[in-house]
Amino acid sequence: MCSAMVERKTALKWVLRKAREGIQYVEHAEGHGDKLFVAVCNLGLEGIVSKRLTSAYKSGPSRTWIKVKNPKSPAASRAIDGTF
């Protein structure tokens, strides 16, 4: 992993160290995204937010960031019911 990426990941860990409950930093995982998503759903988590490994971090909407939601999570239910 290049040094710039290590620096960015270190900075992200620092920013998220006191994040509100439900947001956490997870080490890079390559491959088997389907198995990771099943595990996330089995834990009842809202979903996964990921980006391309080579893409830079930037605020706001981006085509390089992907959010995959657990359709059975409470957050998804609230969106469907309109109770969010």
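Predicted model only: the values in this text are computed from it and were never measured.

A word on the confidence of the model for the chain
Across the chain, pLDDT averages 80, with 89% of residues at or above 70. Considering each helix and strand of the chain separately, the mean pLDDT is smallest for helix α3 (residues 74–81), with a value of 70, and largest for helix α2 (residues 33–42), with 91.

Concerning the side chain of S73
Mapping S73 onto the fold places it in the loop between β2 (65–69) and α3. Setting aside residues up to four positions removed in sequence, S73 forms contacts with L45 and E46.

Regarding the packing of aromatic side chains
Applying the stated criterion across every chain yields a total of zero aromatic pairs. Lying over the aromatic face of W14, R17 brings its terminal NZ or CZ to 3.5 Å of the ring centre.

Some thoughts on the environment of V15
Among the structural elements, V15 can be located in helix α1 (residues 3–16). When the C-alpha positions of V15 and Y25 are compared, they lie 9.5 Å apart, and in sequence the two are ten residues distant.

About the cut-offs
- Residues numbered from 1 in each chain as written.
- Predicted model: local features only at pLDDT ≥ 70, side-chain atom pairs only at ≥ 80, totals over all residues.
- Heavy atoms only, no water.
- pLDDT = per-residue confidence, 0-100.
- Helix = DSSP H or I, 4+ residues; strand = E, 2+ residues; numbered from the N terminus.
- Contact = heavy atoms within 4.5 Å.
- Phe/Tyr/Trp six-rings, centres within 6.5 Å; stacked < 30°, edge-to-face > 60°.
- Lys NZ or Arg CZ within 6 Å of the ring centre and 35° of its normal.

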